[in-house]
Structures are given as structure tokens and as C-alpha cells.
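# Tertiary structure, described
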Amino acid sequence: MNNGKKILMWGAAATVVLVLLIGVVRLVGSSLGGQSLLIALPQPSEEAPLVVVEAQREEFPLQALKLFAESSAISAGGTPLGDLLPIFAGADRSALIVTERLTGIAFYGALQVDRKEQKALAAGKLPDKWLSAFVAPEVTPAGAKGSFEIRAANLMSPLYVELDGRRAFLADTPADMEGIRKVRSGETAGAKRRWSLERRWKGHMLLSDGGVLAAMAGEEGDADPVGLEIAWRSDGKSDKDGEAKWRVWGLEKRVGKNLARNLKTHNWSTETPLVPDHLLLSIGINMPNPGRNMANLPDWLKSFAGQLTKMGLKDSEAAGLLTGPMTLSLGGRTQILWFELPGVVLDVPGRGKLAYRMLDAFWSQLFMGAEPKPVDGFTYGGSTDLPFSVIAAANDKKMVIGLADPSMAQNGEIGKLLEGEKKAIGWLFVDLPKMGTSLEEMSSVNALLSSEDDARPVDGDSTKRLRDALGNLGKLFVVWDNPTGGHAKWYK
């Protein structure tokens, strides 16, 4: 599997949680009441992408993992994971490890079964709760009592199951099941069991890119993985609302060490960014001063700074514009040619006269000296409708630049979310149901814009599954409290 496919595959897991984001070197467990199930599973390779989940029934992230398992890159590998997730979700406690090997995606896990399930498995039969996960299943004994193999019409490869008291172990390869036996016998150590975030909470997840990002960047030597650990709990009434804590590591090289060291918090409760309604996504960040040497910026920011200097701004002016809070939003509607697409709006507060200097360069360089129409609430710059709707305007408090109609309706939800965020580096808001609908629209637009030679047919079923899965996930608001972590909440 090439690096490009790996990024798409493991990026799917990152969109769901946050989008999210990804990686780990150390595996840990949690105290969920009783012995950890994770500690009974073999520790996977630290050099491969992975997902580790340990949760109680009400906190199992079924929809998020279903989205991941049914993504085209994962499902094309033939793993039965997607069909089996409801079994894990229905258990009182469960632990699951998904990783990548040369042969493709592999998974193994453990779950606590009730007395009725235990009795059925001990007799070599599928529990009633499991039957809906299989189409025309065939159960074959495999060695010791309580150990068997399952084949089914909806499984592209066999599933191996073994019962040990009230614990059932599942794996999609005989080798992984043998590894589980070695852990249970004490021959090898299991995955470490201590989580670092909210150990009393009933949901924990750890994600790893296995060094894929480092390899893509062409870094030599050991490829340090990028990692994300998440702990969460729902409101107790449903899985539609809840809160989370998270921490990330290994990102320093990706974003630039100097930039990471200089990150500072900001009082976002005082900000009123211009955010379009029908919002899909919005992200705010308090950017640190890049310093005099723009060449030291990470590539992703250096490119943006380079565009500013090409427009005639001095390095010091570009640095000033890049320093401080800014908010980028995707939402509303704008028309490009005959297509209606989501608009993009950048809100940059507190830049003073630099904002006016930026707008002079914007209209003179990019729009050949066009005279923009005035925009209500702004004293400088303006908007134009040709060749498409553009706003680039400022007042004494802020500058707004975007592909959007200046008369667009504004979103009030972000302001309410920011009211309590008085000390944060940044934040992210995603309306996942709307994002799913928009991605479906974009797939159709992409097909129309592609030439006949490179056009690919849109997979309607895959797109619909993606839309439906995102539709079940609600809205996500993630706050970056410090350089390595923060908190989040999700809600309908």
C-alpha cells in the first residue's frame, strides 16, 4: 500500500473524531472497573498506523469507527471489521486494536460477554446478539473448547473466536489469535493498561500514523509517529451529546519547532468573528510571531507568507499580518461559474493599518486595480461580483477576506461557543452532517469539472454511506488549550 493511500486511509479516522486528526508510541489501558481487557491483547508494532479503543457499552464509538471501517481504503482491503463493530458496541466492556501490516488491515480485540453469550460460545454456537452481524454463518470448531472459526457470506475472510471465562477474544488472523493465547498464558506481555487522560471515564481511544507523515516529509532516520489520545464521556442520556479531553504528540516537526514553542493562548470570548451561516467548518488560531526570518517557517505557512510578499508587502508586514488571532470559515453559498459552492471567509482582527496596507495590495495586485463596492460596517475595501463574489474589507477592528457575498447571513452559534473560552490557543468547529452533504455535492461537481481522460465515476454508494455516517455524528467543537492538548464537546 503506497503512502498516499495510507494518508487517505488513516486520515478517515482522524476526520471523525476530530477530523480529527494522529499517533502513538506507547499503548496504554484504562481502569474500567475490573481487569482491563486491553492488557490481555498483544501490543502491536509501533511502526505501523493503528487505532486502539477501550470502552464500556454506552461509550463505544460505533458511528465513528463505522465511518472509518467503511471508508473505501479500509473496506477495499477485505477486513470484516465493519460488520463486527456492533458486537463490540453491544458488550458491557470491550477493547479493540486495528493496525496495518504488509498484507493489509488487521484487527483483534476482546469483549466481556454475559452469561447467556458465554453459554452459547462454550457450546460452539453464535449468541443471539451476534447473529445479525453475519449472513449465512458457518461455525467450525478450531482446537480447544470455546475456540472456533466463523465464515459468512458477508465476510471476505474468516473470523477467529476464543472464549476464556467471561471474555471472548476475536481476531481476523490465526497468528493474532495465537498472540492472544501467548499473552493469556504469560508467555508475552500484553498492551500497557494505563491511560493518561481521565482514567475514570468510560471511553478511551488512541490513534497513530505510525510515522507515515514523517516518511511523506522525507525525514531521514527513525520516523517519529504523530499521536492522539482521547478520553470521553456522554451525558448519560444518549451518545448524541458529550465531552472529551485530548492530547497530541509528535507534531512539533510537522508544524515547525519554533512555531510550536511560541504558541500562546488568547481570550476568544472577546472575539466576534464574521462567520457565514449554513456553516460547515470554522477554525480559529492565535498565530505566534514568525519572526524576521520567514525562511524558518514550516512549508505550509511559508507558502502563504510568500504570496503576501509577492503582492508587494514587506517581510515585516507579512509577519505582522500572520501574528495574532484569525478565523477561517467554510460555509454559506457562493457561485463560481454556474456552480453553487460553500463560501470561504477569513476574519483577521486587530491588525490596524496593516489591514489597510493588505487590502491596497489585494485589490491592486489580484484584481488589477478594480474599484470595490462599499460594504456595510467596513470603512476600507469592499466587494465585487465579477468574476465571482469576493469580499475584502476592513475597519478599525478587523479585516475580512473571502469568496462570499457580503450580504451573507451570519452564524450566531460560534459566538456562543466561544463565550467560555477565555484562554485557548485555538479551536475547531465542524458540522458533520452538513459536511457529509457538502462532500456529496463536491463529488458531483468534481465529476463535471474533470476532463473525459481523467474523470472517474462517482461511487454513489460510498458517497451515500459517508453522508449517512457523518449525519449520525452531529456537531463537534474542539478547543486547543495548550500546545499538546485540550478539550472538546459534541452535540446534536
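See the structure printed just above.
Below is a summary of the structure that appears in this document.

Scoring rules and cut-offs
- Throughout, a residue's number is its position along its own chain's written sequence, starting from 1.
- Restriction of local features to residues with pLDDT of at least 70 applies here, the model being predicted, together with a cutoff of 80 or more for giving and counting side-chain atom pairs; totals for whole chains, interfaces and linings are based on all residues.
- Side-chain numbers here rest on the full set of heavy atoms in the structure, without hydrogens or water.
- Note on conventions: DSSP H or I runs of at least 4 residues are helices, E runs of at least 2 residues are strands, and numbering of each starts at the N terminus.
- Type-normalised accessible area, obtained with a 1.4 Å probe on protein chains alone, sets the label of each residue: buried when under 20%, exposed when over 50%, and partly exposed for intermediate values.
- Working definition of accessibility: Shrake-Rupley area with a 1.4 Å probe, residue cover restricted to the visible protein chains.
- The rule is short: rings of Phe, Tyr and Trp, with Trp giving its six-membered ring, pair when the centres are within 6.5 Å, and they are stacked under 30 degrees, edge-to-face over 60, tilted in between.
- Only four residue types enter the charge count, namely Lys and Arg as positive and Asp and Glu as negative; His and the chain termini do not.
- Any carboxyl oxygen of Asp or Glu that lies within 4 Å of a side-chain nitrogen of Lys or Arg is treated as forming a salt bridge with it.
- The reported arc concerns the directions from the helix axis to the C-beta atoms and nothing else.
- Should any heavy atoms of two residues lie within 4.5 Å, those residues are considered in contact.
- Here a polar contact means two N or O atoms within 3.5 Å. Within protein one must be a hydrogen donor candidate and the other an acceptor candidate, and residues neighboring in sequence count only if both atoms are side-chain atoms.
- Here, a strand pair is defined by DSSP locating no fewer than two bridges between the strands.

What the protein chain contains, in helices and strands, is 16 helices and 19 strands. Per-residue burial for the protein chain yields a buried fraction of 50% across its 492 residues. When the accessible surface of the protein chain is totalled, it reaches about 23700 Å², and 53% of it is carbon and sulfur.

On inspection of all chains with the given rule, the structure shows 7 aromatic pairs. Summarising the aromatic geometry, the rings of Trp268 and Trp427 are spaced 5.9 Å apart at their centres and angled 90° between planes, so their arrangement reads as edge-to-face. Note that Trp268 is positioned in the loop between α10 (257–261) and β11 (279–287) and Trp427 in strand β17 (residues 426–431), a separation of 159 residues in sequence. In this structure, Trp268 and Trp427 share a single accessibility class: buried. Centroid distance Trp427 to Phe477: 6.3 Å. Interplanar angle 40°. Geometry classified as tilted. Here Trp427, found in strand β17, pairs with Phe477, found in strand β18 (residues 475–482); they are 50 residues apart in sequence, far enough to count as distant. For Trp427, a relative accessible area of 3% puts it in the buried group. Through a chain of ring-to-ring contacts, the aromatic side chains of Trp268, Trp427 and Phe477 assemble into a single cluster.

Turning next to the side chain of Arg93. On the secondary structure map, Arg93 appears in strand β2 (residues 93–101). With no salt bridge to any partner, buried Arg93 finds its closest opposite charge in Glu54, at an N-O distance of 5.3 Å.

Attention shifts here to helix α5 (residues 115–122). By the burial criterion, the buried members of α5 are Glu117, Gln118, Ala120 and Leu121. All buried residues of α5 fall inside an arc of 165° around its axis, so they share one side. Of the exposed residues in α5, the ones pointing more than 90 degrees away from its buried face are Arg115, Lys116 and Lys119. Residues of α5 that are buried in the fold lie against α6 (128–131), β5 (147–151), β6 (159–164) and β7 (167–171). Taking the backbone nitrogen of Lys116 as reference, a side-chain oxygen 3.2 Å away marks Asp114 as the first, capping residue of α5. Looking at the residues trailing α5, positive phi occurs at Gly124, about 75°.

This brings us to the pairing of β2. Walk down a regular strand and you will see the side chains alternate between the two sheet faces. The buried fraction of β2 amounts to 8 of the 9 residues, a majority that puts the element mostly inside the structure. Here β2 pairs with strand β3 (residues 104–112) via 8 bridges, running antiparallel. The residue bridging Leu96 from the neighbouring strand is Gly109, located in β3. If you look at the hairpin formed by β2 and β3, you'll find 2 residues sitting between the two strands.

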